[in-house]
Number of protein chains: 4
Amino acid sequence: MSQRVKIGYIGGGSQGWAHTLINDLGQCSDLTGEVALYDVNYEAATRNAELGNQVMARDDAVGDWQFEAYHEMAGALEGADFVICSIQDPPEETFVHDIDVPQKYGVYQTVADTVGPGGIMRALRAIPQYREIAATVRDWCPDAWVINYTNPMTVCTRSLYEEYPDINAIGLCHEVHPYQDLFAEIAEAHVDEATNVSRNEIDISVKGINHFTWIDDAYWRDHDLVQYLDAELEKRKPIPGYEPGDMDGESFWINNFQIAFDMYERFGVLGAAGDRHLAEFVPWYLDINDPEEIHRWGIRLTPSSARISDGDAPDKMRQYLTGAEEFEFGESWEEAVEIMRALAGGEPFKTHCNYPNTGQIAGLPKGAVVETNALFTGKGVTPLCAGTLPPQVRSMIERQITNQETLIEAGFDGDLDLAFQAFLNDPLVSIGRNEARDLFAELVEIERSYFEDYDLADATVLRE
Amino acid sequence: MSQRVKIGYIGGGSQGWAHTLINDLGQCSDLTGEVALYDVNYEAATRNAELGNQVMARDDAVGDWQFEAYHEMAGALEGADFVICSIQDPPEETFVHDIDVPQKYGVYQTVADTVGPGGIMRALRAIPQYREIAATVRDWCPDAWVINYTNPMTVCTRSLYEEYPDINAIGLCHEVHPYQDLFAEIAEAHVDEATNVSRNEIDISVKGINHFTWIDDAYWRDHDLVQYLDAELEKRKPIPGYEPGDMDGESFWINNFQIAFDMYERFGVLGAAGDRHLAEFVPWYLDINDPEEIHRWGIRLTPSSARISDGDAPDKMRQYLTGAEEFEFGESWEEAVEIMRALAGGEPFKTHCNYPNTGQIAGLPKGAVVETNALFTGKGVTPLCAGTLPPQVRSMIERQITNQETLIEAGFDGDLDLAFQAFLNDPLVSIGRNEARDLFAELVEIERSYFEDYDLADATVLRE
Amino acid sequence: MSQRVKIGYIGGGSQGWAHTLINDLGQCSDLTGEVALYDVNYEAATRNAELGNQVMARDDAVGDWQFEAYHEMAGALEGADFVICSIQDPPEETFVHDIDVPQKYGVYQTVADTVGPGGIMRALRAIPQYREIAATVRDWCPDAWVINYTNPMTVCTRSLYEEYPDINAIGLCHEVHPYQDLFAEIAEAHVDEATNVSRNEIDISVKGINHFTWIDDAYWRDHDLVQYLDAELEKRKPIPGYEPGDMDGESFWINNFQIAFDMYERFGVLGAAGDRHLAEFVPWYLDINDPEEIHRWGIRLTPSSARISDGDAPDKMRQYLTGAEEFEFGESWEEAVEIMRALAGGEPFKTHCNYPNTGQIAGLPKGAVVETNALFTGKGVTPLCAGTLPPQVRSMIERQITNQETLIEAGFDGDLDLAFQAFLNDPLVSIGRNEARDLFAELVEIERSYFEDYDLADATVLRE
Amino acid sequence: MSQRVKIGYIGGGSQGWAHTLINDLGQCSDLTGEVALYDVNYEAATRNAELGNQVMARDDAVGDWQFEAYHEMAGALEGADFVICSIQDPPEETFVHDIDVPQKYGVYQTVADTVGPGGIMRALRAIPQYREIAATVRDWCPDAWVINYTNPMTVCTRSLYEEYPDINAIGLCHEVHPYQDLFAEIAEAHVDEATNVSRNEIDISVKGINHFTWIDDAYWRDHDLVQYLDAELEKRKPIPGYEPGDMDGESFWINNFQIAFDMYERFGVLGAAGDRHLAEFVPWYLDINDPEEIHRWGIRLTPSSARISDGDAPDKMRQYLTGAEEFEFGESWEEAVEIMRALAGGEPFKTHCNYPNTGQIAGLPKGAVVETNALFTGKGVTPLCAGTLPPQVRSMIERQITNQETLIEAGFDGDLDLAFQAFLNDPLVSIGRNEARDLFAELVEIERSYFEDYDLADATVLRE
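All values derive from a computational prediction rather than experimental measurement.

Caption draft 1: View of the overall build of chain A. Along the backbone of chain A there are 17 helices and 13 strands. Computed over C-alpha atoms, the radius of gyration of chain A comes to 22 Å, within 12% of the 23 Å expected from 2.2 N^0.38 for 464 residues, which places it in the range of a compact globule. The principal-axis extent of the C-alpha atoms belonging to chain A is close to 65 × 60 × 45 Å. For chain A, buried positions account for 64% of its 464 residues.

What follows is the structure in structure tokens.
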């Protein structure tokens, strides 16, 4: 017996994530229904709808889903059971500046979408957009479950709750998955009976905030795996173990767990996001004078050029739609469908997600959006208690939470002077107060059309 | 593949619970091993061992377990993976007085094993015993999981943690199960597709402290069942709906959910233990002049006479051992074996249990032993966040927690003056200060041999 | 140089407190100005104005004050620097029932104006009145300092803050003063160089809530006086030291510190309000069957008859106004004028008062109105940190704070079902749930005209 | 009538502070007694004793005090009523390196005695010394009041409480006094009747931690002065208002309130320590490449050379002792004598001091040593509630508190790896992780003889 649901998809013109959803729904038989695609680029949403319906019509698709593009967000969300959000401003007008302008001031960022000057700009731009999403959910599908994929994950998810406190919303991110793989390898290496361990068999306790999450607990069955981290650390030494130039030619997304293990050595708990993300939450990895210096830690800066193009996604799309290439079902490792199934009353599902802290992480502020394990059932999301973190790590996280809450307040009030407080307190803004002001003002100026909800006229920080 | 474990059983001479364990282990094939029975009554433990081994030898027993009686607790616990505690002082020397003496002062108790004068006496007697258990665990099986069944549940479990903070211990109690049955009925009555709903399909969020637990959330699949409670309340009205004498001839354990629903009407959340227990946590149900008056609420006082005899258990035992009657396997509804299986790395298991508050119940003190849902896995016990309770309910619970913590401190310090603070603040001690003192002193005097760990000589409260 | 201020006086027709104010202002030369008297009984306010002006005209009056009666509260408060509140509903329509009706149900109260059924009724009546006062302050003198004298002190003061969070308000009460006298005696008895110690030389730290305040710290100069409490306790034993009938013929307000010292013996800190008040905060002193039984503790119940008459105050008034008797200046021991002088920028003044908890009492909820020491200066009120209380005492106080907050919410929402939650949880309501309901409903019914702001139609508790 | 007391003085060989004490005691008649001088440099203590006795013998000295030098700390402290601590390691072996070595790594510090690499080294050296002081107090004068003047103020004072939790200790610092002068000027400029306003008439509420304290409240009588800060800010603009080189030839201690007002503009509350101190608590003022760049903010770096010499103090001492120059009494502005007088039971005294947080600053951790106002009486120190700070400011302070607590734990455990966590999280350590390690290791190496209480052999951070 299958249950019929409606999924509203904001950012439904995207190519990457939409293809994944089509893949997963095509293989899902216990849920059926409508996928309502909304995108500021209606044509793109239309193409995804066309592809979705085409795939579902195939014999090997067990799913029964109708895809449709919508001109208005309200229409896509009306009566929805689930809302998926995955949006992005045109990178060439935003992300590119977020990366390049700070470099002029000596501020280097590996990703620039979560913290640092780039993360802060992105947060300020996203808050009004997420207020609108939350308001639309409140009006058209107040009980729907909203699954957010957009960065900055924490600020976006937190904005939803700030605008509509009764919303049901979580944020999902993939950065922890490689750590499950890592511990699967550790289990195989150290536990006799552990062979062919799958990522899903690893039971880790993650805690922190998105992209600055930590692991202090990992099990395979009843085998404690954290006890082997010291040996893993020694194997990986020296840390840092590379030289400038070593990463030339590597993927911009390469990760060698160097920073994660350096944090483990310093603070006793393992950092649990890609090193490119971890590096941005403290000043001491990105204190560099040249992009190649970060190679020491086995990572690269993602240059702005890599953010403009979608790679070969548009090509692929054309091939699929014309039938030149066949869309092939695969294992996406995405959890959205399993989560929706559980929330619809099916098989309970446990994973980590971003959700307001109701006590699951002791010692972090209540209400802040944190990343922890949770159980998804027909009743909804139940966070699993994760205990606390060492005070030094907690302090680094709290500093970010304060900044995030400051950005939320600044975004809701349109107050750039308040936003600049967060900017000054950002760990990557290790430059003089005057230069920090100039950088902030320059970024706002260059992305001015995205700051219509802000009071630019009265912002002291822009006048200096 | 089955995993071999050792279970130490303190109170292993008991007849009720031991038979249940034999029943459940006889049907459990994925765990195997030794059951080490320790009891102050060695003979009784020997008889249980004999029965256990006899049952396991049967063809229809899939379990592979060896039972053995021990003279010393240390021997039974040495190297144990699990420790089960279910102990009781001779009722005729203790429980009987706990019930009868207060009645002379006008204090009536429905159960007398959790709060009220009886619960306080029982707590004071149990604390030194549980210190000894915790110390033995620390010495002989420091990583074992301890499952406690003894009342007062909260104080006993809390004593284990006070003595040995790194202990792995939970407390289990059956009082919530009838509420799962109740909600299964509600689901069947109100949800179209719900038929033959089993207790296990009901997902409730319990929160509070043992025997004073509350439900504000109940689901069958993704169907919210709490919305039907108002209708259930109306059906049950008038509340109270009985007259003195109405319960004559009924079981002493009868429960009509009258108090649970009265609490729901008053406080907006459903009390979730048997009415006999709920009644003892506030003064307004047991303000009676005669045992029959409590019949109004559909319950009876359990008289001390019912506490002396074990009923027909000894008879049964004899029959089993002589072969006059065959031990029959059945569904025990006990969860201990499922919990042990999960903790040993098997199938994860979710249920409610008594465990220190690490944040699962927001607004209640950290470290207090609370009753909430938890997930059992090879990693251990992970409490599930349950949110908070209305401030008025929280206040009633906090009062009890303060009393429990006071008793712990009094028990560990041997300080009866401190214990008397808890006594005065107990909700059932609604008598004059002088009378309260007399009652307390009389109970201590009559059970004097159980107060060897207390400083009777310096207790002001005994001297007045 | 004297500073000109305006004092608005709500309840300005009262005879007791108005005479005190006339006395104190007549002797105050550094503040001058207007006293604007408002009272629902305009005639009474007029008489007080007449007396005030008459007294100020005398040669021996150093004060320069003009008294005037107002028909409207707004007029009296317009532009006021200080607002004094001391109001009371007609006792024969309210207070009398608050005392007498509960006695029919076996609930005896010594005062009945703070907690217990009487205190709860009084709170429910006062909340709408105090909302109006706060709203008038907000509109007509938003920066004024409001000094409240009305009971229930905590709920009245708390209502002001709930309605107008930016209000400057404190509550003053005299119940602690006898404890300063007590410690002055203790100093004289135990410290060699201490002779003729005045109440003002005693430095005590009070903490708790009004009428349920505690002392754990008392000094004369640098001499710790708390160390002598044990000796004082022994001197006063046996406690209780009286028999029923012993207080016949004594003042209804007699106090023998029996309960204060009994609390000291039980809990290690000294209760610090009159025994008549302390007795009402726990169930174990007023568990009596006859008013005379409370004599054991050296106090009496104040009968309702003593609440109807103003004693000889009206007579005195006539004498003063006709000149038959001369108004004589004396030492009032009231602190309002000293406080106003300090707040106006004069000499700093330290005393205890009722004020929201901003952290001065660790472990009690923030925002609750607590009684602690504070420093009054031109800057305003600065609470002095008082540390915390033993957990058992804190628990008893928290229970009351929860009840007070519940009453505030009930009063602001007009919700009698919520108010009944506080009623059931009141320590003096040690009666059956049915009887408690009947008592509550009877009190509301008999005082119905004072419950116009409540939703009587939808109150479940009235319908049963 | 005068009261006889004993003052133990640790660091009693110092010339600056000892002269001040001699000056103040020479003018104090209500306290008399002994001053016991202890110093690792016994000769220096002897000279101070000689000078003290010589001054007291003069006719114009109203004080009656005997000075004596001691070889052992225990002797100086035995039976003391007050203990004054003002100690310093030989600057040429410590302070000089604390300043100079970090500059090699590009880390500039204006003071280097509170935070930054220098502050952290100083803290690590001081902790074992302060443990010894606390232990000596516990043994020889457990009830004495300890007044600390040594930096890092917070860590030193906190160490006393960590070693001996029942100690009576405060820390005193002068950095706030110029702000009282500043507000006195503001009062004179803006309030008509304010003329010749003295520092003592200004009632400010300071809150924060030593050298990173904030003002959000300032009154002269009942006149709010904070309302004039915006005008003061405008007057001072542009901020920063100087150029590199502008401070050449100025005192190293020059302060122009530039950073204080910049913080006011950014965060809405006024920084309230000298700009040289404030600059070190955030990364954005000292992000410079050359010492002169800090001139922009109207301050200078204090070079290490200025730390070696005592200036003309030794000369002065010689002149005094030989009679070549007469010691002249003056106004020292030191508050230690007024505080001791108040604590001895004399006139109450209100000022700000460093003391554990018992709730006086809401939102900062309990137990951390904070700087707030307090009332000194015969009863002891009573902190005055100061409310809270904006979350962004609180976050910057909390980060420091975490670092201070980390240093305490590291110092008590001798754990340099833990200390390095604080080092990495210090706001001035805006350098790469490798460089930070090298700097830390170099500093420990060069000051090795001061790290005898640390486990150097097992410190990972030293081995890399």
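Caption draft 2: Quick look at helix 6 (residues 153-163) of chain D. Summarising burial for helix 6 of chain D: 10 of the 11 residues are buried, a large majority. Within the sequence span of helix 6 of chain D, burial applies to Met153(D), Thr154(D), Val155(D), Cys156(D), Thr157(D), Arg158(D), Ser159(D), Leu160(D), Tyr161(D) and Glu163(D).

Caption draft 3: The arrangement of the relation of the copies chain A and chain B in detail. For the match of chain A to chain B, the screw axis carries a shift of 0.0 Å, the RMSD comes to 0.0 Å, and the turn is 180 degrees. In short, the pair behaves as if placed about a two-fold rotation axis. When the interface residues of chain A are mapped onto chain B, 100% of them are again interface residues, pointing to one common binding face.

Caption draft 4: How the structure looks around the interface of chain A and chain B. Contacts between the two partners involve 26 residues from chain A and, on the opposite side, 26 residues from chain B. Overall, the association of chain A and chain B removes approximately 1900 Å² of surface from exposure, summing both partners, and the carbon and sulfur fraction of that is 57%. On the chain A side of the contact with chain B, Asp222(A), Lys379(A) and Cys385(A) bury the most area, a combined 32% of that side's loss. Linking chain A with chain B are four salt bridges. Across the pair Asp217(B) and Lys379(A) runs a salt bridge whose closest N-O atoms are separated by 3.8 Å. Summed over the shared surface of chain A and chain B, the number is six residue pairs in polar contact (both at pLDDT 80 or more). Going through the elements one at a time, strand 7 (202-209), strand 8 (212-220), strand 12 (369-377) and strand 13 (380-383) of chain A are the ones with two or more residues in the side of chain A that touches chain B. Its residues placed into classes, the side of chain A that touches chain B shows nine nonpolar, 10 polar and seven charged.

Caption draft 5: Looking closely at the nonpolar core. With 183 residues, the main nonpolar core has Leu416(A) and Leu416(D) as its most contacted residues. In this view, Leu416(D) contacts Leu124(D), Phe440(D), Val444(D), Phe451(D), Tyr454(D), Leu456(D), Ala459(D), Val461(D) and Leu462(D); residues no more than four positions away in its chain are not counted. Ranked by size, the runner-up nonpolar core spans 182 residues in total, among them Val429(B), Ala123(C), Val191(C) and Leu364(C).

Caption draft 6: Layout of the relation of the copies chain A and chain D. Rotating chain A by 180 degrees about the axis while translating it 0.0 Å along that axis superimposes it on chain D, leaving an RMSD of 0.0 Å. When the interface residues of chain A are mapped onto chain D, 100% of them again fall at the interface, so both copies present the same face.

Caption draft 7: Inspection of the environment of Val5(B) at higher detail. All names here are of chain B. As for its placement among the helices and strands, valine 5 is situated in strand 1 (residues 3-10). Considering only alpha carbons, one finds valine 5 and glycine 79, 74 residues apart in sequence, at a separation of 9.3 Å. When neighbours within four sequence positions are excluded, valine 5 is seen to be in contact with Leu31, Thr32, Gly33, Glu34, Trp65, Asp81 and Phe82.

Caption draft 8: Region of interest: the pattern of salt bridges. Under the definition given, this model contains 106 salt bridges over all chains. The partner of Asp315(A) in a salt bridge is Arg318(A), with the nearest N and O atoms 2.7 Å apart. With Asp315(A) and Arg318(A) both in helix 12 (residues 313-322) and three residues apart, the pair spans about one turn of that helix. Residue Asp60(B) is joined to Arg58(B) by a salt bridge in which the shortest nitrogen-to-oxygen separation is 2.9 Å. Counted as one network, the salt bridges with shared partners bring together Asp89(A), Asp98(A), Arg125(A) and Glu447(A).

Caption draft 9: Structural view of the interface of chain A and chain D. Across the boundary between the two partners, chain A contributes 30 residues, which contact 30 residues of chain D. Both faces combined, the contact of chain A with chain D buries some 2900 Å², and carbon together with sulfur accounts for 47% of it. Run the count over chain A and chain D and you get two salt bridges. The shortest N-O distance in the salt bridge between Arg433(A) and Asp262(D) comes to 2.7 Å. When residues of the side of chain A that touches chain D are traced back to their parent elements, those giving at least two are helix 9 (258-267), helix 14 (391-413), helix 15 (416-424) and helix 16 (433-446) of chain A. Top contributing element to the side of chain A that touches chain D by residue count: helix 14 of chain A, with eight residues.

Caption draft 10: Molecular detail of the pairing of strand 4 (residues 82-85) of chain B. All names here are of chain B. Burial along strand 4 is two-sided: Phe82 and Ile84 and Val83 and Cys85, pointing in opposite directions, are all buried. In this sheet, strand 4 lies alongside strand 1 in parallel orientation, the contact comprising four bridges. Paired with isoleucine 10 across the bridge in strand 4 is cysteine 85. Alignment of strand 4 against strand 5 (residues 145-148), held across four bridges, turns out to be parallel. From the neighbouring strand, isoleucine 84 faces strand 5, where its bridge partner is isoleucine 147.

Caption draft 11: Inspection of helix 12 (residues 313-322) of chain C at higher detail. Residue and element names in this part refer to chain C. Among all positions in helix 12, only Ala313, Met317, Tyr320 and Leu321 are buried. Buried residues of helix 12 fall within an arc of 90 degrees about the axis and therefore sit on the same side. Opposite the packed face of helix 12, turned more than 90 degrees from it, sit the exposed residues Arg318 and Thr322. Looking at the packing, one finds that the buried side of helix 12 touches helix 1 (16-26) and helix 2 (42-56).

Caption draft 12: Local environment of the packing of helix 5 (residues 116-140) of chain D against helix 6 of chain D. Residues and elements named next belong to chain D. Viewed as axis vectors pointing N to C, helix 5 and helix 6 meet at an angle of 45 degrees, and their least axial separation amounts to 8 Å. Taken as axis vectors, helix 5 and helix 6 run oblique relative to one another. Of the two possible hands of crossing, helix 5 and helix 6 adopt the one that is right-handed. For the pair helix 5 and helix 6, the contacting residues are Ala123, Ala126, Ile127, Tyr130, Arg131, Ile133, Ala134, Ala135 and Arg138 in the first and Val155, Cys156, Ser159, Leu160 and Glu163 in the second. In the contact of helix 5 with helix 6, the residues fall into 10 nonpolar, one polar and three charged.

Caption draft 13: Summary view of the packing of helix 5 (residues 116-140) of chain C against helix 15 (residues 416-424) of chain C. All names here are of chain C. Relative orientation of the contacting elements helix 5 and helix 15 amounts to 150 degrees, with a least axis distance of 10 Å. When the interaxial angle is binned, helix 5 and helix 15 end up roughly antiparallel. Crossing geometry of helix 5 relative to helix 15 is assigned as right-handed. On helix 15, the residues touching Pro117, Ile120 and Leu124 of helix 5 are Leu416, Ala419, Ala422 and Phe423. Across the contact of helix 5 with helix 15, the residue classes break down as seven nonpolar, no polar and no charged.

Caption draft 14: Main features of the confidence of the model for chain A. The pLDDT averaged across chain A works out to 96; a share of 100% of its residues lies at or above 70. This complex was scored by the predictor with a pTM of 0.97 and an ipTM of 0.96.

Caption draft 15: Looking closely at the UniProt feature "domain: Glycosyl hydrolase family 4 C-terminal" (unreviewed entry) in chain A. The feature "domain: Glycosyl hydrolase family 4 C-terminal" (unreviewed entry), as given by UniProt, occupies residues 206-429 of chain A in the numbering adopted here. Annotated as residues 206-429 of chain A, this span is 34% helix and 17% strand, and its ends, taken at the C-alpha atoms, are 27 Å apart.

Caption draft 16: Up close: the packing of aromatic side chains. Within this structure, the stated rule accounts for 72 aromatic pairs over all chains. Taking the centre distance of 5.4 Å and the plane angle of 50 degrees together, the rings of Phe420(C) and Phe440(C) count as tilted. Of this pair, Phe420(C) sits in helix 15 while Phe440(C) sits in helix 16 (residues 433-446), placing them 20 residues apart in sequence. A relative accessible area of 1% places Phe420(C) in the buried class. For the ring pair Phe261(D) and Tyr264(D), a centre distance of 6.4 Å and an interplane angle of 75 degrees mean the geometry is edge-to-face. Placement of both Phe261(D) and Tyr264(D) in helix 9 (residues 258-267) is noted, with a separation of three residues, approximately one turn of the helix. Note on Phe261(D): relative accessible area 0%, which makes it buried. The ring of Phe329(B) has Arg58(B) lying over it, and the distance from NZ or CZ to the ring centre is 5.0 Å.

Caption draft 17: Representation of the side chain of Asp203(D). Relative to the elements of secondary structure, Asp203(D) occurs in strand 7 (residues 202-209). On the basis of relative accessibility, which here comes to 12%, the residue Asp203(D) falls in the buried class. Polar contacts involving the side chain of Asp203(D) include one to the side chain of Thr377(C), which spans 3.3 Å. Once residues within four sequence positions are removed from consideration, Asp203(D) is found in contact with Thr377(C), Lys379(C), Asp217(D), Ala218(D), Tyr219(D) and Lys350(D).

Conventions used here
- Residues numbered from 1 in each chain as written.
- Chains lettered and ligands numbered in written order.
- Predicted model: local features only at pLDDT ≥ 70, side-chain atom pairs only at ≥ 80, totals over all residues.
- Heavy atoms only, no water.
- Helix = DSSP H or I, 4+ residues; strand = E, 2+ residues; numbered from the N terminus.
- Rg over C-alpha atoms; globule rule 2.2 N^0.38 Å.
- Buried < 20%, exposed > 50% of the residue type's maximum accessible area, 1.4 Å probe, protein only.
- Least-squares fit on C-alpha atoms with pLDDT ≥ 70 in both.
- Contact = heavy atoms within 4.5 Å.
- Buried area = accessible area lost by both parts, 1.4 Å probe.
- Salt bridge = Lys/Arg side-chain N within 4 Å of Asp/Glu carboxyl O.
- Polar contact = N/O pair within 3.5 Å; in protein donor to acceptor, adjacent residues only side chain to side chain.
- Nonpolar A, V, L, I, M, F, W, Y, C, P; charged D, E, K, R; others polar.
- Core = buried A, V, L, I, M, F, W, Y, C linked by side-chain atoms within 4.5 Å.
- Pairing = 2+ DSSP bridges.
- Arc of directions from axis to C-beta.
- Axes fitted to C-alpha atoms, helices over the stretch in contact; angles between N-to-C directions.
- Parallel < 35°, antiparallel > 145°, perpendicular 65-115°, else oblique.
- Left-handed = near helix turned anticlockwise from the far one by under 90°.
- pLDDT = per-residue confidence, 0-100.
- UniProt positions renumbered as here; feature names shortened; annotations may be inferred.
- Phe/Tyr/Trp six-rings, centres within 6.5 Å; stacked < 30°, edge-to-face > 60°.
- Lys NZ or Arg CZ within 6 Å of the ring centre and 35° of its normal.

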